[in-house]
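# Per-entry structural report
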Amino acid sequence: MGWGWQYNWNSLVRRFPHIATSLLLSLSACTKAKPIEPAAPRTVVLTWHASPDTISYNIYRASAPSNEYRKIGVSNDTSYSDAPVPGRSSVFYTVTSVNKNGESEPSKRLVVSIP
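Residues numbered from 1 in each chain as written. Predicted model: local features only at pLDDT ≥ 70, side-chain atom pairs only at ≥ 80, totals over all residues. Heavy atoms only, no water.

This part is about the pairing of strand 7 (residues 89–99). Burial of strand 7 is extensive: eight of the eleven residues sit out of reach of the surface. In the sheet, strand 4 (residues 56–62) pairs with strand 7 via seven bridges, with the strands oriented antiparallel. Paired with S56 across the strands is V98, a residue of strand 7. Pairing of strand 7 with strand 9 (residues 110–114), which is carried by five bridges, proceeds in the antiparallel orientation. Note on strand 9: the bridge partner recorded for V91 is V112. The pairing of strand 7 with strand 8 (residues 102–103) spans two bridges and is antiparallel. What sits directly across from V98, in strand 8, is E103. Count of turn residues in the strand 7/strand 8 antiparallel hairpin: two residues. (Buried < 20%, exposed > 50% of the residue type's maximum accessible area, 1.4 Å probe, protein only. Helix = DSSP H or I, 4+ residues; strand = E, 2+ residues; numbered from the N terminus. Pairing = 2+ DSSP bridges.)

Right, here's the structure in full:
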């Protein structure tokens, strides 16, 4: 039996072979839905183009576009690996650059859909 299926069985049963009576036997069963297993955590690797005179980059993440972005890391080069990221979700990122004058405005939002 598969998960989440309904099965029906119909059978004609003759109770007495020499008497013309019969009984229609119907059975049905329904399997339980297969439990959804939690998705394995994933790693998201972000890369971007260098900005002149940058000392470091700050990486921010949110779980929804309207949520506040939270700083999750700092990178001294043009990439960052974010892990663990929950599966079956969408994650929103922005990156800022930091130089001797301070922190830049956030980059455009990047949306990553995790299977």
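Quick look at the pattern of salt bridges now. Within this structure, the stated rule accounts for one salt bridge. Among the salt bridges present, the one from R61 reaches D82, with a minimum N-O distance of 2.7 Å. Of this pair, R61 sits in strand 4 while D82 sits in strand 6 (residues 79–85), placing them 21 residues apart in sequence. Across the pair, exposure class does not vary: R61 and D82 are buried alike. (Salt bridge = Lys/Arg side-chain N within 4 Å of Asp/Glu carboxyl O.)

Turning our attention to unusual backbone geometry. A cis amide bond, omega -10°, links A83 with the succeeding residue P84. Tracing the sequence through the fold places P84 in strand 6. The phi dihedral of D53 falls on the positive side, at around 60°, and the residue is not glycine. Relative to the helices and strands, D53 is located in the loop between strand 3 (42–47) and strand 4. Positioned with a positive phi, R88 is a non-glycine residue whose angle comes to about 55°. Examined against the element boundaries, R88 turns out to sit in the loop between strand 6 and strand 7. Given the relative accessible area of 55%, R88 is considered exposed.

So, about the confidence of the model for the protein chain. Parts of the prediction with low pLDDT should not have their coordinates interpreted in detail. Per-residue confidence for the protein chain averages 79 on the pLDDT scale, and 69% of its residues sit at or above 70. Predicted confidence for residues 11–15 stays below pLDDT 50, and this span has twelve contacts to residues more than four positions away or in other chains. (pLDDT = per-residue confidence, 0-100. Contact = heavy atoms within 4.5 Å.)

What follows covers the environment of K108. Structurally, K108 can be placed in the loop between strand 8 and strand 9. Under the relative-accessibility criterion, K108 is labelled exposed at 78%. In the structure, K108 is positioned 13 residues away from V95 in sequence and 8.1 Å away in space, judged by C-alpha atoms.

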